[in-house]
Amino acid sequence: MITALIPVRKGSQRVKNKNIKPFGESSLWNEMWGGSVEVEEPTDTTDDTTDDTTDDTGAPEPDPQQELIQQLFQYIFGNEGFSPTVYTIGAYGNNQVDNPPTIGYGTTQSPAINAYLISQGLDPDAVFDVNRRPPINITQEQAQDMVQIVLNNNYGTLSARHDWFGNIDPSAQLVIMDMAYQMGPGFNFPNMFDALSQDPPDYNRAADELLDSRYARDQTPERAQQNADILRQLADLFDDIPL
């Protein structure tokens, strides 16, 4: 089982206090997480002579990549508001480069996304055309499919680029994957990566290096702080484990 630490900010750039606003008789946060944490107790079909990593049906172990991606779904949905039409976010702080057109849960255009939209009978360039009136709408299910595509591609790219990626705690992988979702899998934080490549990983230094960046200062400081908090909690957790 993989356990990830999932904080969520209270709002988004477009909707203040989004996650804690009244939503029916509950809140958006409770609606999102109420069902995601309820799982049935598995039936014990093993005996004393059975390897406890499998059941007597020979079912394979859960795929760590897909378990991480399911955790990331909830994390990203908590940070990215859903938009059925394309939108843009202006330059962050001192960052004078406007961000590319975005749709769904913060998804940008790429060859893989283009191929998916074509498979749905949609023209990718028209979907991402911010000047088109009326804009083309996508469904929430299509937006979720696109997040899945991006996360799968990013996981493969990060695993190939960084030999330490598979050795860090899954919660630290979540942080790296979230940053890649925002900045692309080729993002480069060399000092942070050096801290994570140590044996054992230096999660406190990784958090320091994450916060010492334009990403944290100017772009999305709240989200960067969430990710740094996850790394610091990991540092505290492993400090408490005797070697």
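The notes below deal with the structure included here. Just so you know, these numbers come straight off a predicted model, no measurement behind them. Counting restarts for each chain: residues are numbered from 1 in the order of the written sequence. Thresholds applied to this predicted model are a pLDDT of at least 70 for local features of residues and 80 or more for the giving and counting of side-chain atom pairs; totals over whole chains, interfaces and linings are not thresholded and use all residues. Side-chain figures throughout are based on the complete set of non-hydrogen atoms in the structure, without hydrogens or water.

**Brief notes about the overall build of the protein**
Consideration 1: Helix and strand definitions here come from DSSP, where helices need a minimum of 4 consecutive H or I residues and strands a minimum of 2 consecutive E residues; each element is numbered from the N-terminal end. Helix and strand content of the protein: 10 helices and five strands.
Consideration 2: A buried classification covers 40% of the 243 residues belonging to the protein.
Consideration 3: In the protein, once contacts between residues fewer than 6 apart in sequence are set aside, the share between residues at least 24 apart is 59%.
Consideration 4: When the accessible surface of the protein is split by element, carbon and sulfur atoms take 48% of a total near 13,700 Å². Residue exposure (1.4 Å probe, protein chains only): buried if accessible area is under 20% of the type maximum, exposed if over 50%, otherwise partly exposed. Residues count as neighbours in contact if any of their non-hydrogen atoms are within 4.5 Å of one another. To be clear on the numbers: accessible area is Shrake-Rupley with a 1.4 Å probe, and residue cover counts the displayed protein chains and nothing else.

**What about the packing of aromatic side chains?**
Consideration 1: Pairing of aromatic rings covers Phe, Tyr and Trp, the last counted by its six-membered ring, and requires centre-to-centre distances within 6.5 Å; plane angles under 30 degrees mean stacked, over 60 mean edge-to-face, and any other angle means tilted. Considering all chains together, one arrives at nine aromatic pairs under this definition.
Consideration 2: Between Phe73 and Phe77 the ring centres are 5.3 Å apart and the planes differ by 55 degrees, which places this aromatic pair in the tilted class. A residue pair is termed a helical-turn pair when its members lie 3 or 4 positions apart in one helix, as Phe73 and Phe77 do in helix H2 (residues 64-79) at four residues.
Consideration 3: We classify Phe77 as buried; its relative accessible area is 14%.
Consideration 4: When the ring of Phe82 is compared with that of Tyr105, the centres are 5.3 Å apart and the planes differ by 45 degrees; the resulting orientation is tilted. Of this pair, Phe82 sits in the loop between H2 and strand S3 (83-87) while Tyr105 sits in the loop between strand S4 (102-104) and strand S5 (107-108), and the two are 23 residues apart along the sequence.
Consideration 5: When its relative accessible area of 30% is taken as the criterion, Phe82 is described as partly exposed.
Consideration 6: Counting every residue linked through ring pairs, the aromatic cluster contains Tyr155, Trp164, Phe165, Phe187, Phe189, Phe193 and Tyr215.

**Side note on unusual backbone geometry**
Consideration 1: Here the amide bond leading from Arg133 into Pro134 is cis, since omega sits at -5 degrees, within 30 degrees of zero.
Consideration 2: The omega torsion of the bond from Asp199 to Pro200 falls at 5 degrees, within 30 degrees of zero and hence cis.

**Remarks on the environment of Asp194**
Consideration 1: Counting through the fold element by element, Asp194 comes out in helix H7 (residues 190-196).
Consideration 2: A C-alpha to C-alpha distance of 9.3 Å links Asp194 and Trp164, two positions 30 residues apart in sequence.

**Examining the packing of helix H3 (residues 111-119) against helix H5 (residues 140-161)**
Consideration 1: Two elements in contact, H3 and H5, have axes whose closest approach is 10 Å; the angle formed by their N-to-C orientations is 145 degrees. Classified by chirality, the crossing of H5 by H3 is right-handed. Where H3 abuts H5, its residues Ala112, Ile113, Tyr116 and Leu117 lie against Gln142, Asp145, Met146, Ile149, Val150 and Asn153.
Consideration 2: Residue composition of the contact of H3 with H5, grouped by class: seven nonpolar, two polar and one charged. To get an axis, a line is fitted to the C-alpha atoms, and for a helix only the part in contact is used. The angle between two axes follows their N-to-C directions and goes from 0 to 180 degrees. In this scheme, a crossing is called left-handed if the near helix is turned counterclockwise away from the far one by less than a right angle; it is called right-handed if the turn is clockwise. Only Asp, Glu, Lys and Arg are considered charged, only Ala, Val, Leu, Ile, Met, Phe, Trp, Tyr, Cys and Pro nonpolar, and every remaining residue, Gly among them, polar.

**A closer look at the nonpolar core**
Consideration 1: Each nonpolar core is a collection of buried residues, namely Ala, Val, Leu, Ile, Met, Phe, Trp, Tyr and Cys, held together in the definition by side-chain atoms within 4.5 Å. Counting 55 residues, the largest nonpolar core has Ile176, Met177, Met192, Leu210 and Leu231 as the members making the most contacts within it.
Consideration 2: In terms of residues, this core owes the most to one element, helix H6 (residues 170-183), which gives eight residues.
Consideration 3: Here Ile176 is in contact with Leu158, Trp164, Phe165, Ile168, Phe187, Met192, Phe193 and Leu196, once residues within four sequence places are set aside.

**Some words on H6**
Spacing of three or four residues puts side chains on the same side of an α-helix, whose turn is 3.6 residues.
Consideration 1: With 14 residues, H6 ought to run about 20 Å at 1.5 Å a step, and its terminal C-alpha atoms sit 20 Å apart, in line with that.
Consideration 2: Judged by how many residues are buried, H6 sits mostly within the fold: 11 of 14 residues are covered.
Consideration 3: Pairs of N or O atoms within 3.5 Å make up the polar contacts considered here, provided that, within protein, one atom can donate a hydrogen while the other can accept it, and that residues adjacent in sequence are counted only when both atoms are side-chain atoms. Its side-chain oxygen 2.8 Å from the backbone nitrogen of Ser171, Asp169 forms the N-cap of H6.
Consideration 4: Just past H6, the residue Gly184 takes up positive phi, approximately 95 degrees. Between the first and last residue of a helix there are one fewer steps than residues, each counted as 1.5 Å, and that sum is the expected span.

**With respect to the sheet that holds S4**
Either a parallel or an antiparallel arrangement is found when strands of a sheet pair, and the pairing is made through backbone hydrogen bonds.
Consideration 1: DSSP bridges decide pairing: two strands pair if at least two such bridges lie between them. Taken in spatial order, the three strands line up as S3-S4-S5 in an open sheet, and their pairing is antiparallel. This sheet does not close on itself; its edge strands, each paired only once, are S3 and S5.
Consideration 2: The sheet contact formed by S3 and S4 spans two bridges and is antiparallel. The residue bridging Ser83 from the neighbouring strand is Gly104, located in S4.

**Quick notes on the pattern of salt bridges**
Consideration 1: Whenever a carboxyl oxygen of Asp or Glu lies within 4 Å of a side-chain nitrogen of Lys or Arg, that contact is scored as a salt bridge. Scanning the entire structure with this criterion turns up six salt bridges.
Consideration 2: Arg223 is paired through a salt bridge with Asp178; the nearest N and O atoms lie 2.7 Å apart. With Arg223 in helix H10 (residues 221-239) and Asp178 in helix H6, this residue pair connects regions lying 45 residues apart in the sequence. A single burial state applies to Arg223 and to Asp178, both of which are buried.
Consideration 3: A single salt-bridge network, built from bridges that share partners, covers Glu80, Asp178 and Arg223.

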